[in-house]
Amino acid sequence: MIDKQRRVQIVTITVLLAALVSVVARKREWKAPEMPAASVLSERREPSPQDAVYAMLDAARDGSVSKYLDCYSGQMLSSLKQSVAEGTEQKFAAYLKQSNAEIKGVALMEPQVLSDRDVKLRVEYVFADRNEVQTLYLEKSGGGWKIARVEAAERAKTLIPYGTPVQ
């Protein structure tokens, strides 16, 4: 059996060796090997309905009309394409940027499954002066989800407005 003083010496030597290895590794710029299993798992993850909504919001923020339209399907897509055609793509891009600039945050609820290809998703948009709730209906299309229909946004009651100082 190892006595207490011997254990303390062993732990001290182990810690010093670990520190020495760390210093040498930094000086020689050694890097830990990458874990290929993690990247393979992330590549295999199927897109979720929430991913489609985030992609739509990103495209709107960037003013990317083609990416924005790619988030929609069916009648929604046709209506949006008509809106773009009635004006110019530049005006539509400016509209997307302006409308998205007012959004301070977004909360997505868990999708409600309607069928194997359709879900209903509640989205709450946080603005400086209000919150709005909107229900989106998405359908599985090819390898991902597309927004097929949206209900009109409704104002949501907020207990504490965005930007209220903490006391």
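Quantities reported herein were computed from a predicted structural model and do not represent experimental measurements. (Residues numbered from 1 in each chain as written. Predicted model: local features only at pLDDT ≥ 70, side-chain atom pairs only at ≥ 80, totals over all residues. Heavy atoms only, no water.)

A.B. asks: How do you make sense of the overall build of the chain when you look at a structure like this?
C.D. replies: A count of helical and extended segments in the chain gives 6 helices and 6 strands. Ordered by position from N to C terminus, the α and β elements of the chain give α-α-α-α-α-α-β-β-β-β-β-β. Considering the chain as a whole, with its 167 residues, one finds that 29% of them fall into the buried category. Long-range contacts, defined as pairs at least 24 residues apart, comprise 42% of the intrachain contacts of the chain with a sequence gap of at least 6. Summing over all exposed atoms, the chain offers an accessible surface of approximately 12,400 Å²; the carbon and sulfur share of this is 55%. (Helix = DSSP H or I, 4+ residues; strand = E, 2+ residues; numbered from the N terminus. Buried < 20%, exposed > 50% of the residue type's maximum accessible area, 1.4 Å probe, protein only. Contact = heavy atoms within 4.5 Å. Areas by Shrake-Rupley, 256 points an atom, 1.4 Å probe, with all protein chains shown as cover.)

A.B. asks: I would appreciate a short explanation of the layout of surface pockets in the present structure.
C.D. replies: The gaps left among the atoms become clear once a water-sized probe is rolled over them. Put simply, the largest pocket is a space of about 460 Å³. Around the largest pocket sit 22 residues that line it, and Tyr68, Tyr95, Ser99, Tyr125 and Gln134 are the ones nearest its centre. Looking at the lining of the largest pocket, the elements that each hand over two or more residues are α3 (49-62), α5 (74-86), α6 (89-101), β3 (118-127), β4 (131-141) and β5 (144-150). No other element matches the 5 residues that α6 contributes to the lining of the largest pocket. Counted by class, the lining of the largest pocket contains 17 nonpolar, 3 polar and 2 charged residues. What lines the second largest pocket is simply Pro47, Ser48, Asp51, Ala52, Ala55, Lys67, Asp70, Cys71, Ser141, Gly144, Trp145 and Lys146. If you list the elements that add at least two residues to the lining of the second largest pocket, you get α3 and β5. (1 Å grid on protein atoms, 1.4 Å probe; cavity = no way out; pocket = protein on both sides within 12 Å on 5 of 7 lines; lining within 4 Å. Points joined across faces, edges and corners; volume = space filled by probe spheres on them. Nonpolar A, V, L, I, M, F, W, Y, C, P; charged D, E, K, R; others polar.)

A.B. asks: So what exactly am I meant to see when it comes to the packing of aromatic side chains here?
C.D. replies: Between two aromatic rings, the relevant description is the distance of the centres plus the angle of the planes. Tallied over the entire structure, the rule returns 3 aromatic pairs. Where Tyr68 meets Tyr72, the ring centres are 5.2 Å apart and the plane angle is 50°; that geometry is what we call tilted. Pair check on accessibility: Tyr68 and Tyr72 agree, each one buried. Linked through ring pairs, Tyr68, Tyr72, Phe92 and Tyr95 together constitute an aromatic cluster. (Phe/Tyr/Trp six-rings, centres within 6.5 Å; stacked < 30°, edge-to-face > 60°.)

A.B. asks: Sorry if this is basic, but what is going on with the environment of Asp116 here?
C.D. replies: Relative to the assigned elements, Asp116 resides in the loop between β2 (112-113) and β3. Overall, the relative accessible area of 70% leaves Asp116 in the exposed class. Remark: the alpha-carbon pair of Asp116 and Lys140, spanning 24 residues in sequence, is separated by 8.2 Å.

A.B. asks: Please explain α5 as it appears in this structure.
C.D. replies: In an α-helix there are 3.6 residues to a turn, and that puts residues three or four apart on one side. Along its 13 residues, α5 runs 19 Å from first to last C-alpha, staying within 8% of the 18 Å computed at 1.5 Å per residue. Residues of α5 that are buried include every one of Met76, Leu77, Leu80 and Val84, and no others. In an axial view of α5, the angular spread of the buried residues amounts to 95°, which keeps them on one side of the axis. The outward face of α5, more than 90 degrees from its buried face, is lined by the exposed residues Gln75, Ala85 and Glu86. The inward-facing, buried residues of α5 abut α4 (65-69), α6 and β5. (Expected span 1.5 Å × (residues − 1). Arc of directions from axis to C-beta.)

A.B. asks: I would appreciate a short explanation of the side chain of Gln50 in the present structure.
C.D. replies: Structurally, Gln50 can be placed in helix α3. Leaving out residues up to four positions away in the same chain, Gln50 has contacts with Leu108, Met109, Glu110, Pro111 and Leu121.

A.B. asks: What is the right way to look at the packing of α3 against α6 in this model?
C.D. replies: How two helices sit against one another is set out by the angle between their axes and by the gap between those axes. At a closest axis distance of 6 Å, the pairing of α3 and α6 adopts a crossing angle of 110°. Taken together, α3 and α6 sit at an angle that is classed as roughly perpendicular. The interaxial crossing formed by α3 with α6 has left-handed handedness. In this structure, α3 contributes Leu57, Ala60, Arg61 and Asp62 to the contact, and α6 contributes Leu96, Lys97 and Asn100. Counted by class, the contact of α3 with α6 contains 3 nonpolar, 1 polar and 3 charged residues. (Axes fitted to C-alpha atoms, helices over the stretch in contact; angles between N-to-C directions. Parallel < 35°, antiparallel > 145°, perpendicular 65-115°, else oblique. Left-handed = near helix turned anticlockwise from the far one by under 90°.)

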